[in-house]
Amino acid sequence: MRLISAFATALFLAVPSTPTPVLVENLTLNYKDGTGSASAVRAQFEVEGKNWDFTNATFDVRQQAGQLVIERPAEGFSYLIEASFLEGVSAAKASGVWFDYAPGRVIAKTASAQLVKEGDATDISKLALTCRAAARTSDPIDACIYSGTMTLAKLSSGSRALEVSEVDLAIIKGKTTFEVKIGGIGKINGNGTTTHLPDEGTIKIKVDKVKLGILSITGQFFDQLEKNESETLRVERPYIYVVYKK
């Protein structure tokens with residue numbers, strides 16, 4: 001269960017908190033010690049009412065004051081993403097990243113990615129997210145809580161010999177169901193309710209039930225989560241709080 005915080009980080013990398021439409025096609029990212037670079041086949045952004053449309057472009061990437069800055073200094077382009085959730089991540093790389101956001105719509109996928117935090121490398125394979133809501137829904141997280149599906153082929157941490165795979169998550173108007181295979185344990189499934197607390201930069205998850213086959217393991221599930229609480233993950237049974245912004 002130590003992968004929960006890394007998984008949350010990966011998810012919010014895929015869904016940046018942005019009020020304006022964004023389109024990124026086939027992006028590759030390399031990031032280390034606060035700086036890096038990214039390249040994309042196409043990238044469209046809106047910044048202060050100005051539309052930027054790049055083709056086969058390379059960007060500088062850096063972390064600054066809790067934000068991830070994507071920029072092309074020579075052209076005066078700079079785009080900011082809330083990134084306090086990256087705290088402690090010393091290196092990251094990703095390939096095959098696609099992201100399409102407009103009010104009421106989020107489509108994101110990553111072919112592969114790796115995050116390094118406190119010397120531990122977490123590898124992610126085939127993450128896909130699709131969310132739909134009314135066009136007036138400007139926050140991408142709200143769109144995903146209204147109607148969202150997520151699949152993940154595999155997420156592993158080599159140094160801790162931990163692995164999850166075959167992740168299937170669905171949220172309909174906050175009602176949440178999930179199924180995931182955990183290495184050495186088996187496939188578990190559960191349900192609950194997810195809500196967004198935007199003023200606190202937090203997602204609140206109420207877990208009603210977790211089962212392994214016909215066995216209830218809700219208590220053991222929370223036991224493991226409590227061992228791995230952090231600045232981004234807090235447990236108050238039956239709730240889990242994922243903090244994405246300070």
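Residues numbered from 1 in each chain as written. Predicted model: local features only at pLDDT ≥ 70, side-chain atom pairs only at ≥ 80, totals over all residues. Heavy atoms only, no water.

### Points about the overall build of the protein
Regarding its fold elements, the protein presents three helices and 16 strands. Here the protein holds 246 residues, and the buried ones make up 44% of them. Excluding contacts between residues fewer than 6 apart, the proportion of contacts in the protein whose partners are at least 24 apart in sequence is 44%. When the accessible surface of the protein is totalled, it reaches about 12,200 Å², and 52% of it is carbon and sulfur. (Helix = DSSP H or I, 4+ residues; strand = E, 2+ residues; numbered from the N terminus. Buried < 20%, exposed > 50% of the residue type's maximum accessible area, 1.4 Å probe, protein only. Contact = heavy atoms within 4.5 Å. Areas by Shrake-Rupley, 256 points an atom, 1.4 Å probe, with all protein chains shown as cover.)

### Re the state of the cysteines
Each disulfide consists of one covalent bond between the sulfur atoms belonging to two cysteines. Under the criterion given, the structure shown has one disulfide. Sulfur-sulfur distance for the disulfide between Cys131 and Cys144 comes to 2.1 Å. Judged by the sign of its S-S torsion, about 90°, the cystine formed by Cys131 and Cys144 is right-handed. Here Cys131 is found in strand β8 (residues 120-132), whereas its partner Cys144 is found in helix α2 (residues 140-146), with 13 residues between them in sequence. (Disulfide = S-S within 2.5 Å.)

### Some details on the pattern of salt bridges
In this structure the tally under the stated criterion is eleven salt bridges. We note a salt bridge from Glu75 to Arg72, for which the minimum N-O separation is 2.5 Å. Three or more residues are tied together by salt bridges with common partners; here these are Glu166, Glu179 and Lys187. (Salt bridge = Lys/Arg side-chain N within 4 Å of Asp/Glu carboxyl O.)

### Focus on the packing of aromatic side chains
In total, this model carries eleven aromatic pairs according to the counting rule given. In this structure an aromatic cluster arises from ring pairing among Phe45, Trp52, Phe54, Phe59, Phe77 and Tyr79. The ring of Phe59 carries the charged tip of Arg72 above its face, separated from the ring centre by 5.9 Å. Positioned over the ring face of Tyr239 is Lys204, at 4.4 Å from the centre of the ring. (Phe/Tyr/Trp six-rings, centres within 6.5 Å; stacked < 30°, edge-to-face > 60°. Lys NZ or Arg CZ within 6 Å of the ring centre and 35° of its normal.)

### Points about the side chain of Glu71
In this fold, Glu71 is placed in strand β4 (residues 67-72). One polar contact links Glu71 to Arg62, side chain to side chain, over a distance of 2.7 Å. Beyond its immediate chain neighbours, meaning those up to four positions away, Glu71 contacts Phe59, Asp60, Arg62, Phe77 and Ser78. (Polar contact = N/O pair within 3.5 Å; in protein donor to acceptor, adjacent residues only side chain to side chain.)

### Side note on unusual backbone geometry
Here the residue pair Arg237 and Pro238 is connected by a cis peptide bond, since its omega of 5° sits within 30 degrees of zero. Locating Pro238 in the fold gives a position in the loop between β15 (233-236) and β16 (239-243). We note that Glu118 has phi near 50°; this positive angle belongs to a residue other than glycine. Residue Glu118 is classed as exposed on the basis of its relative accessible area, which comes to 67%.

### Some details on helix α3 (residues 218-226)
Among all positions of α3, only Thr218, Phe221, Phe222 and Leu225 are buried. Relative to the axis of α3, the buried residues are bounded by an arc of 90° and lie together on one face. (Arc of directions from axis to C-beta.)

### Considerations on the environment of Val167
Along the chain, Val167 falls in strand β10 (residues 162-172). With relative accessibility at 12%, the residue Val167 sits in the buried group. Spatially, the C-alpha atoms of Val167 and Ile182 are 9.4 Å apart, while their sequence positions differ by 15 residues.

### What to know about the pairing of β16
Extensive coverage of β16 is indicated by the burial of four of its five residues. With five bridges connecting them, strand β13 (residues 202-212) and β16 associate as antiparallel partners. Residue Ile203 lies in a different strand from β16, and its bridge partner there is Val242. With antiparallel pairing between neighbouring strands as the criterion, β15 and β16 make up a hairpin whose turn holds two residues. (Pairing = 2+ DSSP bridges.)

### Digging into the pairing of strand β7 (residues 105-117)
With twelve bridges connecting them, strand β6 (residues 89-102) and β7 associate as antiparallel partners. Along β7, the bridge assignment pairs Ala102 with Arg105. Count of turn residues in the β6/β7 antiparallel hairpin: two residues, of which Gly104 carries a positive phi of about 90°. Two elements, β7 and β8, share twelve bridges in a ladder whose sense is antiparallel. Bridge assignment links Arg105 to a residue of β8, and that residue is Arg132. What sits between the antiparallel neighbours β7 and β8 is a turn of two residues, in which Glu118 has the positive phi angle 50°.

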